[in-house]
Structures are given as C-alpha cells and as structure tokens.
Amino acid sequence: MQHVELINLGKRIKSLRKRKKMTLSMLCYRNGLEPSTVSRIEAGIVEAKYLTLIKIAKAFNMEICELLDFTDTKTF
C-alpha cells in the first residue's frame, strides 16, 4: 500500500518538473540519477533517500526545504 506522503511528494516533483518544462531524462541528467528511480519516486512507489531529494532540489535550483514545502497547492 502506498503512503499518502509518498504519493504527494511524487506528485509535487512531477508537477515541478513539468512546470519547469523538464523531461524525466533532463532532470536525471542534471542530478545523475537513474530515470527509473525518479519515475518510481514520482509514482509514489519508493521512498526517496535524503541525498536523492537534495539532488532533485538542486536540479530545480531550489533548497530541499522548498522542495518539501507543500503549501504551494499549484504544484499538485
């Protein structure tokens, strides 16, 4: 069973990626992650490690606290 927190984080990452007009491949190229890993994170299937979240945030040119800020409902 998927946790709602994982699903929400995945939706936020995917929404940010699309808002910045980035493909999954572009995001992965920027942070050195495997596309399958990021895809599973976006789908809410796996928990992202802290260092992975830092890499994703840096690819978006933001701090991890901004990535985890769920008050911006426009990203869902």
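Note that the coordinates shown come from a computational prediction; the quantities given were computed from them, not determined experimentally.

S.K.: Can you walk me through the confidence of the model for the chain in this structure?
M.R.: Where the model shows low pLDDT, its predicted coordinates should not be examined in detail. Scored by pLDDT, the chain has a mean of 90; 91% of the residues are at 70 or more. In the model of the chain, helix α2 (residues 24-31) stands out as the element of lowest mean pLDDT, 91, in contrast to helix α3 (residues 35-42), which has the highest, 96.

S.K.: How should I be thinking about the side chain of Glu42 in this particular structure?
M.R.: Following the sequence through the fold, Glu42 ends up in helix α3. Under the relative-accessibility criterion, Glu42 is labelled buried at 10%.

S.K.: Whenever I open this one, the side chain of Thr52 confuses me. Can you help?
M.R.: Tracing the chain through its elements places Thr52 in helix α4 (residues 50-59). Overall, Thr52 belongs to the buried group, its relative accessible area being 13%.

S.K.: Is there a simple way to explain the packing of α2 against α3 in this structure?
M.R.: Two quantities define a packed helix pair, namely the angle between the axes and the distance from one axis to the other. Viewed as axis vectors pointing N to C, α2 and α3 meet at an angle of 115 degrees, and their least axial separation amounts to 9 Å. Crossing of α2 against α3: the hand is right-handed. Within the contact between the two elements, α2 uses Leu24, Leu27 and Cys28 and α3 uses Pro35, Val38, Ser39 and Glu42. Each residue belonging to the contact of α2 with α3 can be placed in one class, and the counts come to 5 nonpolar, 1 polar and 1 charged.

Calculation rules
Residue positions are counted from 1 within each chain, in the order its sequence is given. Where totals are concerned, whole chains, interfaces and linings use all residues; where local detail is concerned, this predicted model gives features only for residues with pLDDT of at least 70, and gives and counts side-chain atom pairs only at 80 or more. Think of the side-chain values as coming from all heavy atoms in the structure, minus any hydrogens and water. Predictor confidence is given residue by residue as pLDDT, running from a minimum of 0 to a maximum of 100. Numbering of helices and strands runs from the N terminus; a helix is a DSSP stretch of H or I covering at least four residues, while a strand is a stretch of E covering at least two. Burial here depends on accessible area, computed with a 1.4 Å probe over protein chains only, as a share of the maximum for the residue type. Under 20% is buried, over 50% is exposed, and the range in between is partly exposed. For helices, the axis comes from a line fit to the C-alpha atoms of the stretch in contact; other axes are also lines fit to C-alpha atoms, and the angle between any two N-to-C directions lies between 0 and 180 degrees. Here is the rule for handedness: rotate from the far helix to the near one, and if that takes an anticlockwise turn smaller than a right angle the crossing is left-handed, while a clockwise turn gives right-handed. Between two residues, a contact is recorded if the distance between any of their heavy atoms is within 4.5 Å. Side-chain classes are defined by residue name, with Ala, Val, Leu, Ile, Met, Phe, Trp, Tyr, Cys and Pro counting as nonpolar, Asp, Glu, Lys and Arg as charged, and the others, Gly among them, as polar.

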